[in-house]
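A structural walkthrough
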Amino acid sequence: MRVRRIAIVAAASCFAAIATAQARDERTAAVGMRAHIEQIVLPGGELVAAPAERAAPVVLRVLATWPHGDRFRYDLEWVGLEVGRHDLAKYLARKDGSAVEGVGPIEVAVTGVLKKGRLEPGELEPVAPRRLDGYRTDQIVFGALWLCGLLAILFVGRKRRRRQAPPTPAPTLVDRLRPLVESVAAGRADDAAKAELERLLVACWRSRLGLRDVKADAAISAIRAHGEAGALLRQVEAWLHMPSPPAAIDLEKLLAPYRTLSGTDLEPVAGREGALVR
Amino acid sequence: MTASATSTPRFAETREFLQQIRTRVGKVVVGQDVVVERVLIAMLTSGHLLLQGVPGLAKTLLVAAVSKTVDLAFARIQFTIDLLPSDIVGSDVLDQKTHEFRTHKGPIFTNLLLADEINRAAPKVQSALLEAMQERRVTIGNQTYPLPAPFLVIATQNPVEQAGTFELPEAQLDRFMLLHRLEYLTPAEEKEVLRRNAALGVRRDGKGAVARTEFDVLGDQAVGSSEKLVQAMEDVQQVHVSEAFLEHCVEIVNRTRKHPRLELGCSPRAGISLVKASRARALLHGRDYVLPEDLFALAEDVMLHRMRLTYEAVAEGHTTQGVLQEILSEFAQ
């Protein structure tokens with residue numbers, strides 16, 4: 001029995017020794033920083049943290065307590081509030097209310113990062129506040145810029161372009177017809193020119209007979225039905241499209257009126273035959 | 001007109017034959033002279049014709065009348081959504097007696113095929129027909145069969161009631177040489193139709209009788225054989241096309257390609273069709289050479305279905321018809 005008790009005490013001492021070896025023992029800390037002293041064995045009855053005073057330079061907490069033979073083992077946590085050396089034993093009290101005696105000093109050191117006597121960390125630098133209004137001005141400025149851009153797109157360079165490219169009047173029917181008539185009369189016209197001449201002769205009579213807005217096939221029929229225009233169209237068609245055109249076609253005589261054609265000759269005739277021979 | 005091929009006996013014979021067809025058809029169909037002309041143009045040039053018009057304009061009667069007049073084999077297919085390609089071209093069927101496959105040729109093996117309401121069939125069927133139209137032969141199983149000559153498809157489509165229809169795409173419309181839009185008859189023509197219909201009477205059938213229709217009026221005796229038709233087709237090939245006319249055709253087709261309101265202008269096939277159709281029209285009008293008036297008369301039927309407006313032009317309310325008229329007007333201005 002006695003042997004067994006000795007074995008238990010020995011094992012407990014062994015565990016305590018191992019725990020003590022791994023425990024933190026932070027005796028120095030900066031102002032406001034937490035520090036821990038663990039597995040510290042203190043003599044006498046069980047100790048607790050004394051009620052904190054408002055102006056105390058150290059705040060102490062007892063995190064855990066274990067019996068350790070006839071003594072107790074503690075984990076302590078402390079925070080230093082004033083620079084200097086302090087005794088944590090002053091901030092302990094017996095749980096049973098008896099006087100704390102026989103507990104040696106537990107000295108810790110509190111260091112500071114500020115210069116001595118300085119309480120504030122540094123002067124605050126003035127910072128410009130975020131803008132809370134003033135958008136109306138921005139909108140007006142943006143609107144004015146947009147308007148300037150629009151006006152620039154619409155008007156800048158327009159006058160210059162207008163000056164650079166004067167409108168070239170489209171060639172009139174007479175302008176287009178006359179050289180073709182001349183080239184055909186001279187025998188220089190190719191197939192494309194002859195086809196163009198036929199189209200322009202039809203156009204000429206469409207204009208004279210007021211058939212510009214009539215459908216193309218109906219206009220051709222109307223021209224065919226017209227005395228002078230029909231005769232001309234039939235002869236031109238015979239000359240251009242028949243496999244062997246009749247020899248009786250006198251091309252020079254046929255096209256003679258169109259060599260001296262003027263713009264007024266193409267105006268629609270009302271109520272009279274549109275004779276081109278003057 | 002001076003002495004030309006038109007004064008030869010052969011040309012005179014062809015002219016008379018074509019005039020007889022028109023007269024015979026005119027006895028049955030009232031006031032569709034232009035449509036009859038277009039059908040004849042299609043027949044003479046081996047082109048195909050698409051007729052667009054509302055129901056009741058005697059499209060079927062017209063085609064049946066033309067086929068009987070020229071003694072051509074005629075078949076009609078009513079296109080529906082459930083029609084299959086094999087319903088048109090035919091298929092291989094198993095003979096129960098011989099246990100061998102034999103080919104059943106479809107109604108496409110005819111001279112004159114009326115494809116009624118072509119836009120009601122599914123695209124698969126449409127393309128089967130249009131392929132046959134283009135190649136003039138069909139393949140059934142592993143065998144390819146040539147179609148009879150002449151072979152002409154006259155298809156119809158209804159411009160209204162578009163629900164449940166499959167519009168022919170431009171590429172397939174291009175296969176049709178002509179697309180003619182039928183219009184209503186004039187009041188005088190319509191009155192004549194009513195007068196003729198009222199005089200049809202009743203046809204006895206065994207112990208009963210049925211009211212006679214215009215189809216009963218069609219005589220079975222043809223005005224000419226298919227030989228004469230072939231002769232007429234050969235005569236079309238003799239119609240002279242001048243260089244100036246070709247210039248006109250190229251110019252007008254090119255203008256459709258450059259027009260700002262047109263997204264799709266006419267294809268080269270349109271130019272070819274324009275020349276071919278103009279030659280046939282010239283022959284029908286007793287000429288052995290084409291004139292610009294043929295071009296103007298046929299431009300709408302040949303070119304309109306080959307043109308497509310831009311999105312902007314559609315939004316502005318323009319029509320292809322209006323744009324083509326504008327091109328034709330500017331062509332001679």
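Our subject is the structure that appears above.
Numbers given to residues run from 1 along each chain, matching the order in which its sequence is written. Here every chain gets a letter starting at A, and every ligand a number starting at 1, in the order they are written. This being a predicted model, a pLDDT of at least 70 is required before a residue's local features are given, and a value of 80 or more before pairs of side-chain atoms are given or counted; all residues contribute to the totals for chains, interfaces and linings.

Details of the overall build of chain A
- Within chain A, the regular secondary structure consists of eight helices and eight strands.
- Using C-beta atoms placed from the backbone, we call a residue buried if 20 or more other C-beta atoms fall within 10 Å of its own, exposed if 12 or fewer do, and partly exposed for counts in between. Put simply, chain A has 278 residues, and 18% of those count as buried.
- Once C-beta atoms are placed from the backbone, any two residues with those atoms within 7 Å are in contact. Residue pairs in contact within chain A that sit at least 24 positions apart in sequence constitute 56% of those at least 6 positions apart. The numbering of helices and of strands both runs from the N terminus, where a helix is a DSSP run of H or I of at least 4 residues and a strand a run of E of at least 2.

Section: the sheet that holds strand β1 (residues 49-52) of chain B
All names here are of chain B.
- Two strands are said to pair when DSSP picks up at least two bridges between them. Pairing is parallel across the open sheet formed by five strands, whose spatial order is β2-β5-β8-β1-β9. Edge strands, defined here as strands with exactly one partner in the open sheet, are β2 (74-78) and β9 (178-181). Going from strand to strand, the sheet's axes swing by 20° on average, the running direction of each strand aside.
- Judged from the four bridges that link them, strand β5 (residues 112-116) and strand β8 (residues 152-157) form a sheet pairing that is parallel. Bridging from a neighbouring strand, Leu114 pairs with Ile154 of β8.
- Here helix α2 (residues 33-45) sits on the sheet and contacts β1, β8 and β9; the angle it forms with β9, its principal contact strand, is near 170°. Only the contacting stretch of a helix is used when fitting its axis, a line to C-alpha atoms as for every element, and angles between N-to-C directions run 0 to 180 degrees.

Describing the interface of chain B and chain A
- In this assembly, 23 residues from chain B lie in contact with 20 residues from chain A.
- Of all elements in the fold, only α10 (243-258), α12 (292-303) and α14 (320-331) of chain B reach the threshold of two or more residues within the side of chain B that touches chain A.
- Broken down by element, the residue count for the side of chain B that touches chain A peaks at five residues, all from α10(B).
- Classes in brief: Ala, Val, Leu, Ile, Met, Phe, Trp, Tyr, Cys and Pro nonpolar; Asp, Glu, Lys and Arg charged; the others, Gly included, polar. Each residue belonging to the side of chain B that touches chain A can be placed in one class, and the counts come to eleven nonpolar, eight polar and four charged.

Section: α2(B)
Residue and element names in this part refer to chain B.
- Its 13 residues give α2 an end-to-end C-alpha distance of 18 Å, which sits within 8% of 18 Å, the value for a rise of 1.5 Å per residue.
- By the criterion of burial, α2 is predominantly enclosed, with ten of the 13 residues buried.
- Buried within α2 we find Val35, Val36, Arg38, Val39, Leu40, Ile41, Ala42, Met43, Leu44 and Thr45.
- Backbone geometry just downstream of α2 places Ser46 in the positive-phi region, at approximately 55°. One less than the number of residues in a helix, times 1.5 Å, gives the span that helix is expected to have.

Points about unusual backbone geometry
- In this chain, B:Ala149 is followed by B:Pro150 through a cis amide linkage whose omega measures -5°.
- If you trace the backbone, B:Pro150 turns up in the loop between β7 (143-146) and β8.
- The backbone of A:Gln39 sits at a positive phi, close to 55°, despite the residue not being glycine.
- Looking at where A:Gln39 falls in the secondary structure, it is placed in strand β2 (residues 34-42).
- In this structure A:Gln39 comes out as buried when scored by C-beta crowding, with 21 C-beta atoms within 10 Å.
- Non-glycine residue B:His99 carries a positive phi angle of around 55°.
- Take B:His99: it is sitting in the loop between β3 (90-95) and β4 (100-105).

Quick word on the sheet that holds strand β4 (residues 58-68) of chain A
Residue and element names in this part refer to chain A.
- Strands sit in the order β2-β5-β4 across an open sheet of three strands; the sheet is antiparallel. Each edge of the sheet is formed by a strand with only one pairing partner; in this case those strands are β2 and β4. Averaged over neighbouring strand pairs, the angle between their axes works out to 20° when direction is ignored.
- Note: β2 against strand β5 (residues 71-80), seven bridges, orientation antiparallel. The residue of β5 that forms the bridge with Ile37 is Leu76.

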